[in-house]
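Here are the chains, one letter per residue:
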Amino acid sequence: MTAISMGLKEYAHKRHFDKTSEPKPDERVAHGANRGGFFCVQRHDATRLHYDFLLEVDGVLVSGAVPKGPSLDPKRKALAMKVEDHPFSYGTFEGNIPQGEYGGGSVMLWDKGTYEVLGDLNAEGQIERGDFKFALHGTKLNGAFAIVQMKHAGKGNEWLLIKKQDEFVIPGYDIDEYAWSVATKRNQDEIARDVAPSGPADLKGVKKAAL
Ligand code: MN
């Protein structure tokens, strides 16, 4: 797990900022003791639909691609492929990456909120050891999670995102029932067409006051 220190060079290298509206790399934001911060999940309709899970650590967003998306059912461990760190400003990005560019397709801001580290070690230390426990306070995702590195596999970039038992568990959680933007209440097609939400959207699984 050296990727956390590689900064945003890989992020910048993969993208053409004269063609995509994704944020340019910015300065690291001020950070505290890595005990938590911002998190978001983006629903990304690229070559294959997947979710990107981003957690603020040390001033950048540590990022993983989750093919099936996070689950609130502890029985459904979600594979998360670690990818390059993203700039903090990526956490508000929703829109379209041009076809032919890296990650071309529509990006929905699927969930956002804050997280807090669980346990004594800070976020960086827990990622380093390959077993990171945290609690999410989002619009759709809440409660305790762990993300555990599959150390025997591949290049070490394969992790499992697992919901822990608590009052936020939803057995048989079906992520497709929650396919709307927490930023604009649009569905994926409306984002792709860059139009307003058709509404009244069925914003399932949310305390409406959170929007
Ligand atoms: Mn992606």
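Above this text you will find the structure in question.
These numbers were taken from a predicted model, which means no experiment stands behind them.

A.B. asks: Can you walk me through the overall build of the protein chain in this structure?
C.D. replies: Counting its secondary structure elements, the protein chain contains 3 helices and 9 strands. Tracing the protein chain from N to C terminus, the helices and strands come up as α-β-β-β-β-β-β-α-β-β-β-α. Within the protein chain, the proportion of its 211 residues that are buried is 50%. For the protein chain, restricting intrachain contacts to residue pairs at least 6 apart in sequence, the fraction spanning at least 24 positions comes to 59%. Roughly 10,300 Å² of accessible area belongs to the protein chain as shown, and the carbon and sulfur atoms make up 53% of that amount.

A.B. asks: I'm lost on the side chain of lysine 163 in this one. Help?
C.D. replies: Tracing the backbone shows lysine 163 in strand β9 (residues 158–163). Judged by its relative accessible area of 2%, lysine 163 is buried. Engagement of the side chain of lysine 163 in a polar contact is seen with the backbone oxygen of alanine 144, the distance being 2.8 Å. One polar contact links lysine 163 to aspartate 166, side chain to side chain, over a distance of 2.9 Å.

A.B. asks: Explain the packing of aromatic side chains to me, please; I cannot follow it from the model alone.
C.D. replies: To describe a pair of aromatic rings, one takes the distance between the centres and the angle between the planes. Applying the stated criterion across every chain yields a total of 12 aromatic pairs. Measuring from ring centre to ring centre gives 5.3 Å for tyrosine 90 and phenylalanine 93, while their planes differ by 45°; the resulting arrangement is tilted. Exposure remark for phenylalanine 93: the relative accessible area of 6% places this residue in the buried category. Judged by centre distance (4.9 Å) and plane angle (15°), the rings of tyrosine 173 and tyrosine 178 are stacked. Grouped by ring-pair contacts, the aromatic residues Phe39, Phe53, Tyr115, Phe132, Phe134 and Phe145 constitute a single cluster. Above the plane of the ring of tryptophan 180 lies lysine 140, whose end atom (NZ or CZ) is 4.0 Å from the centre. Sitting above the plane of the phenylalanine 145 ring, lysine 163 keeps its charged end 5.0 Å from the centroid.

A.B. asks: I keep staring at the nonpolar core and nothing clicks. Help me out?
C.D. replies: The tendency in soluble globular proteins is for nonpolar side chains to be buried as a group. With 43 residues, the main nonpolar core has Phe53, Trp110, Tyr115, Phe132, Phe134, Leu136 and Leu141 as its most contacted residues. With 6 residues, strand β6 (residues 105–117) is the single largest residue contributor to this core. Setting aside residues no more than four positions away along its own chain, phenylalanine 132 makes contact with Leu55, Tyr115, Val117, Ala123, Gln126, Ile127, Phe145, Ala146 and Ile147.

A.B. asks: Where do I start with the coordination of the manganese ion in this structure?
C.D. replies: Ideal geometry at a metal centre: 109.5 degrees between donors when four sit tetrahedrally, and 90 or 180 degrees when six sit octahedrally. Coordination of the manganese ion by the protein is provided by His44 (ND1), His50 (NE2) and Asp52 (OD), with metal-donor distances spanning 2.1 to 2.3 Å. Spacing between the donor residues of the manganese ion along their common chain follows H-x5-H-x1-D.

A.B. asks: What is the right way to read unusual backbone geometry from this model?
C.D. replies: Across the chain, the bulk of peptide bonds are trans and the bulk of non-glycine residues have phi less than zero. Of note in the backbone geometry, lysine 185 takes a positive phi value of approximately 65° without being a glycine. Within the fold, lysine 185 resides in the loop between β9 and α3 (188–192).

A.B. asks: How do you make sense of the pattern of salt bridges when you look at a structure like this?
C.D. replies: When the charged atoms of two side chains with opposite charge come close together, those side chains can pair. Using the criterion set out here, one finds 10 salt bridges in the structure. Between aspartate 85 and lysine 82 there is a salt bridge, with the nearest N and O atoms lying 3.7 Å from each other. Assessed through its relative accessible area of 0%, aspartate 85 is described here as buried. The salt bridge involving lysine 133 is made with aspartate 131; its shortest N-O contact spans 3.0 Å. What emerges from the salt-bridge pattern is a single network uniting Glu10, Lys14, Arg15, Glu22 and Glu84.

A.B. asks: Got a minute to help me understand the pairing of strand β8 (residues 142–149) in this structure?
C.D. replies: Each regular strand shows side chains that alternate between the opposite faces of the sheet. The element β8 is largely enclosed, with a buried count of 7 among its 8 residues. Both strand β7 (residues 131–138) and β8 contribute to a ladder of 7 bridges, which runs antiparallel. From the neighbouring strand, phenylalanine 132 faces β8, where its bridge partner is isoleucine 147.

A.B. asks: Help me understand the environment of leucine 55, please; the structure alone is not making it clear to me.
C.D. replies: Turning to its location among the elements, leucine 55 is positioned in strand β2 (residues 49–57). Residue class for leucine 55 comes out buried when judged on its relative accessible area of 6%. Considered as a pair, leucine 55 and phenylalanine 38 are 17 residues apart in the sequence and their alpha carbons are 6.2 Å apart. Contact partners of leucine 55, with chain neighbours within four places excluded, come to Phe38, Phe39, Val60, Leu61, Val62, Tyr115, Phe132, Phe134 and Leu136.

Scoring rules and cut-offs
- Residues numbered from 1 in each chain as written.
- Predicted model: local features only at pLDDT ≥ 70, side-chain atom pairs only at ≥ 80, totals over all residues.
- Heavy atoms only, no water.
- Helix = DSSP H or I, 4+ residues; strand = E, 2+ residues; numbered from the N terminus.
- Buried < 20%, exposed > 50% of the residue type's maximum accessible area, 1.4 Å probe, protein only.
- Contact = heavy atoms within 4.5 Å.
- Areas by Shrake-Rupley, 256 points an atom, 1.4 Å probe, with all protein chains shown as cover.
- Polar contact = N/O pair within 3.5 Å; in protein donor to acceptor, adjacent residues only side chain to side chain.
- Phe/Tyr/Trp six-rings, centres within 6.5 Å; stacked < 30°, edge-to-face > 60°.
- Lys NZ or Arg CZ within 6 Å of the ring centre and 35° of its normal.
- Core = buried A, V, L, I, M, F, W, Y, C linked by side-chain atoms within 4.5 Å.
- Donors = N, O, S within 2.8 Å, 3.2 Å for Na, K, Ca; no water.
- Salt bridge = Lys/Arg side-chain N within 4 Å of Asp/Glu carboxyl O.
- Pairing = 2+ DSSP bridges.

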